[in-house]
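Residues per chain are reported as follows:
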Amino acid sequence: MEKREEEQYHKLLYYTLSLSDKAFIHQHAVDAFAAQTANENTKSIAITFSLVGLYLYLEKNYTGKEVQQAHTEMAKNKKQWPTFTLPKHRGDITISDVLSVPPGLERDTMINKWCSSVWLAYKECRQMVIELVLVELGVAK
């Protein structure tokens, strides 16, 4: 991760954690960033959990707190997590775009758009994520 990217990530995390919101939007930002910046050195558990988080948020309407609980449940099963093919293009919205809008509703909306953009970039992995969520969490399609 580049120094500038890391600084932006910490700035966004500071913002999302300071919200103390019930929905816990912080988790969605963490998942979007992890999926968007993953590379060949990223652990499979990190990619798996970020994709599961994006799926649960965007397609199952989980709050960040519910996604966090799902991650905790999955972590109980120590196993070899799947290897996902990383798309070359990881979405049209980046963390820079998120930080370029004013804090508050505009930024929160942009975090949602960012998550959607990243999840769409991983569309080839969607079925694998759905099957994993069914097996690991019992969440039906």
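Residues numbered from 1 in each chain as written. Predicted model: local features only at pLDDT ≥ 70, side-chain atom pairs only at ≥ 80, totals over all residues. Heavy atoms only, no water.

A.B. asks: Lay out helix 1 (residues 3-19) with the relevant residues and their values.
C.D. replies: Over its 17 residues, helix 1 runs 25 Å from end to end, which matches the ideal 24 Å to within 8%, given 1.5 Å per residue. Along helix 1, the residues that are buried comprise Gln8, Tyr9, Leu12, Leu13, Tyr15 and Thr16. Down the axis of helix 1, the buried side of the element spans an arc of 160°, and every buried residue falls inside it. More than 90 degrees from the buried face of helix 1, the exposed residues found are Lys3, Lys11 and Tyr14. Of the surrounding elements, those touching the buried residues of helix 1 are helix 2 (26-37), helix 5 (95-99) and helix 6 (105-121). Just downstream of helix 1, serine 20 is the residue with a positive phi angle, here 50°. (Helix = DSSP H or I, 4+ residues; strand = E, 2+ residues; numbered from the N terminus. Expected span 1.5 Å × (residues − 1). Buried < 20%, exposed > 50% of the residue type's maximum accessible area, 1.4 Å probe, protein only. Arc of directions from axis to C-beta. Contact = heavy atoms within 4.5 Å.)

A.B. asks: Any chance you could break down the side chain of histidine 28 for me, citing the residues and the numbers?
C.D. replies: If you trace the backbone, histidine 28 turns up in helix 2. Setting aside its immediate chain neighbours within four residues, histidine 28 contacts Ala23, Leu54, Tyr57, Tyr62, Thr63, Gly64, Val67 and Cys115.

A.B. asks: Run through the packing of aromatic side chains, naming residues and quoting values.
C.D. replies: Applying the stated rule across the entire model yields 3 aromatic pairs. Both rings, one in phenylalanine 49 and one in tryptophan 81, keep their centres 5.4 Å apart while their planes meet at 85°; by these two values the pair is edge-to-face. Here phenylalanine 49 is found in helix 3 (residues 44-60), whereas its partner tryptophan 81 is found in the loop between helix 4 (64-75) and helix 5, with 32 residues between them in sequence. Residues phenylalanine 49 and tryptophan 81 agree in their burial class; the two are buried. With a centroid separation of 6.0 Å and an interplanar angle of 50°, the aromatic rings of tyrosine 55 and tryptophan 119 are classed as tilted. (Phe/Tyr/Trp six-rings, centres within 6.5 Å; stacked < 30°, edge-to-face > 60°.)

A.B. asks: For the packing of helix 3 against helix 7 (residues 126-137), give the residues involved together with the corresponding values.
C.D. replies: Between helix 3 and helix 7, the shortest axis-to-axis distance is 10 Å and the interhelical angle comes to 90°. Between helix 3 and helix 7, the interaxial angle falls into the category roughly perpendicular. When helix 3 is examined against helix 7, the residues Thr48, Leu51, Val52, Tyr55, Leu56 and Glu59 are found in contact with a partner set consisting of Arg126, Val129, Ile130, Leu132, Val133 and Leu137. Grouping the amino acids of the contact of helix 3 with helix 7 by side-chain chemistry returns 9 nonpolar, 1 polar and 2 charged. (Axes fitted to C-alpha atoms, helices over the stretch in contact; angles between N-to-C directions. Parallel < 35°, antiparallel > 145°, perpendicular 65-115°, else oblique. Nonpolar A, V, L, I, M, F, W, Y, C, P; charged D, E, K, R; others polar.)

A.B. asks: Can you break down the state of the cysteines residue by residue, with the values?
C.D. replies: According to the stated counting rule, one finds 0 disulfides in the structure shown. Residue cysteine 115 stays outside any disulfide, its sulfur separated by 16 Å from that of cysteine 125, the closest cysteine. Residue class for cysteine 115 comes out buried when judged on its relative accessible area of 0%. Taking the relative accessible area as the measure of exposure, cysteine 125 reaches 6% and is therefore buried. (Disulfide = S-S within 2.5 Å.)

Any functional reading would require information beyond the geometric quantities listed.
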